[in-house]
Amino acid sequence: MSFQESHRSSDEEEALYSQCRAAYLAVYRSSLTNITSKQQLCRVLQQAGRNPSLATLNKYWTPRTSKLNFDDFFEILRCEKETEETELMRAFKKMDVNGDGYVTHSDLEKALTTRGEKMTTEEVNTIFSLADINKDGKLNYAEFCRLLLSTAEQCQVAALEKLEADAKLKIQNFGSQSYSPPKSSVSSSSAAAAAAQVAATHPQPPETSDTTGRKGTTHTEFVFYVIKKIHPIEWHHSYVKGCFFLEDDGSIGSLQYQLHVPQPTSVYLTIQPLSLSHRPDKCSPWTTVDTALFVMSAGETKEDSALVHFTESKDKEKYVWKGELNSGTYYLLPFTSGCRLKKRSKKSLSDKPVELVYRTDTGELDLTRELREALSDIFEVIDLDGNGLLSLEEYNFFELRTSGEKCDKDAWAVCKENFDMRKNQLTRQGFIELNLMEATEKNGDPADLWLTLEAMGYNRMLELVEACPFQIDVHCEGTQLSLQPLSMDSGPKLLNQTLQKSITARTGAKALRGQENVFIYTFRGEHRISSLIANKTNQKVTVHVNNEQSRNCSSSRGMNVFAVEVPARSKMVCQHVLPINDKQDWTYNCVETILTCT
C-alpha cells in the first residue's frame, strides 16, 4: 500500500471513529451505556447517518443478543454504508411510472401500503400532505431524497459539534479506543444543525400533531417522521383521562397517576383539555383552560420524590414534554393554574333550573334528555382508560367524589344483577339506569341528583362550569409502560411542594426591599408566569402584591391588588399569571412590598 493510500485510509478511519463517537453520545449520556434493544440500535444507527432495514437490524440483533457495547457498534458502523442518493432514487424510480421525476399520491399509497414494512393509508396521507409543497398531487422525489440525505448529514454535524464543544466528552475513553480529535470539521448552519439534533435526539411519535401537517412543521421534523415510518422504531402509546375540580375553598383538585417504566427510554408526554361536545363544530368551553403535568421520580416516601421535569412546550391545546426517563416508577401530577378555571357567580334565583326527571304518559319516572346527556358526559370523564366501561375502581373514584364513600364488592355484585354490565364492568347504559333507579327510589325528588351533578362541576343549568376534563398521553419508545390512576391523601401537598421546586429551580431569588430575609422567586415560562415568596425570618410576614402595571394578564388570585400572608420559615406560591388573550402581547409588571412583619 502506498503512503497516500495509507494516509487516506487513516483519515477515513479517524473520521468514521469520530462520527461513531458523536452518534453514540447523541443518544446516550456515556460510552459505558450499552445498547439494550433492537430499537435502540436502530436509533443510534440513524443518528450516524444510516437507514437500517429490519433485515439489517435482525442481522446484528439476533434472538441471542441481549446487549451491544460501543466497540460492537463501531464494528457495525464499519460494515454498514451510509444511505446513498442513488439507492433512494432507484427505489422511487420504481414507483415513477411516467418517468417524469414525480410520484403521484396513488402510486405512493400503493407502494407503501402493500409492500415491505407496510404503512396505513392515513400515514401515507400524512407524508404526502407534508411533502407535496405545491399541493399539485405529486411528489418531486429527487428533491425529497436530497432533503433526506442533507438532514442526516446535519444530524451528524450537530453531533460532532456537540462533542467538540463538551470538554468532558472529549476526554472520555470509548471501549478499547482512545480519542483523537478529527483534523478538520465540517461547517454547517448552526440553526439547521440544532434543529436536526433536536429532531434526531427526540423523535416524535406519529400520533402527535407535530407530525401531521400542522402549519410550521419543519423539513427536519418531516424527514425524521418518514425515516421512522420506513424503518420504524416501535412506539408504545398509553393514555388516561382525568378531571380538574374546583373545590368550595377555591382550590383545584384532581387524580394523580403512577407511571412505571421498565427500562431506560425516550418519552413523549402530553396533557390537554378533553372536549365533550356532542357537536364536532362546537368546542367545549373549558378547552382554553391551561394544563401542565409534573413528572416526579417516586421515592420510598412521598417526601423523597424528586422533580424530574414538567410540560413547558405547547402545541395548540397540548402541553408537551419530550425527554429520557430511566427505568423506575414515577408520579404524574396534573396541574392547572386557576387563571381560567375559577369559581363563577351563582345564577340568580329567577333562573329556572333544568328539569332532571319527568313522568311518562304511563306515569313512570324517567330521566330528561338533558340529564341523560350530562350523565353520558360524566361517564366519559370517569371512564379513565377509555374502554367504554366502568371498572369498580373507576366507579369508586366517582363515588368518592360525589358521596365520599366507596362501593364494595358485594354492592358491585348487586349492580351486576340489576344493571347492564360487561366483563364485570358497568356500561354507559347501566350507569344511566343506576341513576334512574336512585331517582325512582326518591320518588322523583332531584335533590340527590343535584348533589351528584354539582360535585362533578355542573350548575343548575346543567353547564359544566367548575371542572375541566383532561387527557394524558404517554408515548414510549421500544418498551411497554404501565399508567395507573391514584387517589392520594397527600396529593395536594405533594403537588404544592413540586410546584414550589419547579419555581425555585428555574430562577434566582430577589430580596424584597426593606427585608433581606424575605425573597421573591419569579418563574417566567413561555406560557405561564409563577411567583413564590420565601420567608426565612422567624416571624409571619404580609406581602402586598400589585399587578396594576401588567397588561393583558390574568392572575390566579382573581384580582390585581392583594396581600399574601407567609408564615415564619416557610414558602408560599404567590400567584400564577397567564395572558388574557393568547394572540396578543402580554406584559408582566408586578410590585411586591412588605406590609407587616409580626
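Residues numbered from 1 in each chain as written. Predicted model: local features only at pLDDT ≥ 70, side-chain atom pairs only at ≥ 80, totals over all residues. Heavy atoms only, no water.

(A) View of the overall build of the protein chain. When you go through the protein chain residue by residue, the secondary structure sums to 17 helices and 25 strands. A burial count over the protein chain gives 49% of its 598 residues as buried. On the protein chain, roughly 30,400 Å² of surface is accessible, and the fraction owed to carbon and sulfur atoms is 48%. (Helix = DSSP H or I, 4+ residues; strand = E, 2+ residues; numbered from the N terminus. Buried < 20%, exposed > 50% of the residue type's maximum accessible area, 1.4 Å probe, protein only. Areas by Shrake-Rupley, 256 points an atom, 1.4 Å probe, with all protein chains shown as cover.)

(B) Summary view of the sheet that holds strand S18 (residues 509-512). Pairing within the open sheet is antiparallel, and its 5 strands lie in the order S18-S19-S20-S24-S22. This sheet does not close on itself; its edge strands, each paired only once, are S18 and strand S22 (553-555). The sheet shows a mean angle of 30° between the axes of neighbouring strands, taken without regard to direction. As paired strands, S18 and strand S19 (residues 515-524) are joined by 4 bridges and run antiparallel to one another. What sits directly across from Ala509, in S19, is Tyr521. Sitting on the sheet, helix H17 (residues 491-504) is in contact with S19, strand S20 (529-535) and strand S24 (570-579), with an inclination near 75° to S24. (Pairing = 2+ DSSP bridges. Axes fitted to C-alpha atoms, helices over the stretch in contact; angles between N-to-C directions. Contact = heavy atoms within 4.5 Å.)

(C) Seen up close, helix H2 (residues 38-47). Among the 10 residues in H2, 9 count as buried, and that is most of the element. After H2 finishes, the residue Gly49 shows a positive phi value of roughly 90°.

(D) Up close: the nonpolar core. Leu332 and Phe431 are the most contacted members of the largest nonpolar core, which totals 65 residues. The biggest single contributor to this core is helix H12 (residues 369-382), with 7 residues. Contacts of Phe431, omitting those with residues within four sequence positions, involve Leu375, Ile378, Phe379, Ile382, Leu390, Tyr395, Phe398 and Leu426. Core analysis: the next-biggest nonpolar cluster, separate from the first, contains 22 residues, Cys42, Ala48, Leu68 and Phe73 among them. (Core = buried A, V, L, I, M, F, W, Y, C linked by side-chain atoms within 4.5 Å.)

(E) Broad picture of helix H5 (residues 85-93). Restricting attention to buried positions, one finds in H5 the residues Leu88, Met89 and Phe92. Here the buried residues of H5 occupy an arc of 100° about the axis, which is enough to place them on one side. Seen from the buried face of H5, the exposed residues on the opposite side, beyond 90 degrees, are Thr86, Arg90 and Lys93. (Arc of directions from axis to C-beta.)

(F) Geometry of the sheet that holds strand S3 (residues 235-246). Pairing within the open sheet is antiparallel, and its 6 strands lie in the order S4-S3-S16-S6-S10-S9. In this open sheet, the two edge strands, each paired with only one partner strand, are strand S4 (252-253) and strand S9 (313-315). Bridging between strand S6 (residues 265-273) and strand S10 (residues 318-325) involves 7 bridges; their strand directions are antiparallel. Directly across from Tyr268, in S10, lies its bridge partner Lys322.

(G) Highlighting unusual backbone geometry. Phi angles above zero are rare outside glycine, and Asn443 is one such case at about 55°. Relative to the elements of secondary structure, Asn443 occurs in the loop between helix H15 (428-441) and helix H16 (447-455). The exposed category is assigned to Asn443, whose relative accessible area is 57%. Of note in this structure, Leu462 is not a glycine but carries a positive phi near 60°. The topology assignment puts Leu462 in the loop between H16 and strand S16 (467-477).

(H) Structural view of the packing of aromatic side chains. For the structure shown, the criterion picks out 14 aromatic pairs. On the numbers, 6.0 Å between centres and 50° between planes, the contact of Phe379 with Phe431 is tilted. Of this pair, Phe379 sits in helix H12 while Phe431 sits in helix H15, and the two are 52 residues apart along the sequence. Pair check on accessibility: Phe379 and Phe431 agree, each one buried. Members of the aromatic cluster, connected to one another through ring pairs, are Tyr17, Tyr24, Tyr28, Phe70, Phe73 and Phe74. Taking NZ or CZ as reference, Arg401 lies 4.2 Å from the ring centre of Phe245, over its face. (Phe/Tyr/Trp six-rings, centres within 6.5 Å; stacked < 30°, edge-to-face > 60°. Lys NZ or Arg CZ within 6 Å of the ring centre and 35° of its normal.)

(I) Representation of the side chain of Gln471 within the structure. You can see Gln471 is positioned in strand S16. Of note is the side chain of Gln471, whose polar atom sits 3.1 Å from the side chain of Asp473. Leave out the neighbours within four places in its chain, and Gln471 touches Tyr239, Val240, Lys241, Thr270, Ile271, Gln272 and Leu274. (Polar contact = N/O pair within 3.5 Å; in protein donor to acceptor, adjacent residues only side chain to side chain.)

(J) The packing of H2 against helix H4 (residues 70-79), seen in detail. As a packed pair, H2 and H4 sit with axes 11 Å apart at the nearest point and diverge in direction by 55°. By the angle between their directions, the pair H2 and H4 is classed as oblique. In this structure, H2 meets H4 at a crossing whose hand is right-handed. From H2, Leu41, Val44 and Leu45 reach across to H4, where they touch Phe73, Ile76 and Leu77. Taken together, the residues that form the contact of H2 with H4 break down as 6 nonpolar, no polar and no charged. (Parallel < 35°, antiparallel > 145°, perpendicular 65-115°, else oblique. Left-handed = near helix turned anticlockwise from the far one by under 90°. Nonpolar A, V, L, I, M, F, W, Y, C, P; charged D, E, K, R; others polar.)

(K) The arrangement of the environment of Ala298 in detail. Here Ala298 lies in the loop between strand S7 (292-297) and strand S8 (306-310). Note: C-alpha distance between Ala298 and Gly328 (30 residues apart in sequence) is 8.0 Å. Excluding anything up to four places from it in sequence, Ala298 contacts Ser305, Thr329, Tyr330 and Tyr331.

(L) Summary view of the environment of Lys501. Along the chain, Lys501 turns up in helix H17. Accessibility expressed as a relative area gives 34% for Lys501, which makes it partly exposed. In the structure, Lys501 is positioned 195 residues away from Ala306 in sequence and 9.0 Å away in space, judged by C-alpha atoms. Apart from residues lying up to four places away in sequence, Lys501 is in contact with Ser305 and Leu307.

(M) Structural context of the packing of H12 against H15. Direction vectors running N to C along H12 and H15 enclose 125°, while the axes themselves pass 10 Å from each other. Our classification of the angle between H12 and H15 gives oblique. By crossing handedness, the relation of H12 to H15 is classed as right-handed. Contacts between H12 and H15 involve Arg372, Leu375, Ser376, Ile378, Phe379, Glu380 and Ile382 from the first element and Arg428, Phe431, Ile432 and Asn435 from the second.

(N) Seen up close, the pattern of salt bridges. Evaluation of the coordinates by the stated rule reveals 15 salt bridges. The salt bridge involving Glu247 is made with Arg401; its shortest N-O contact spans 2.9 Å. Here Glu247 is found in the loop between S3 and S4, whereas its partner Arg401 is found in helix H13 (residues 392-402), with 154 residues between them in sequence. The partly exposed category is assigned to Glu247, whose relative accessible area is 24%. (Salt bridge = Lys/Arg side-chain N within 4 Å of Asp/Glu carboxyl O.)

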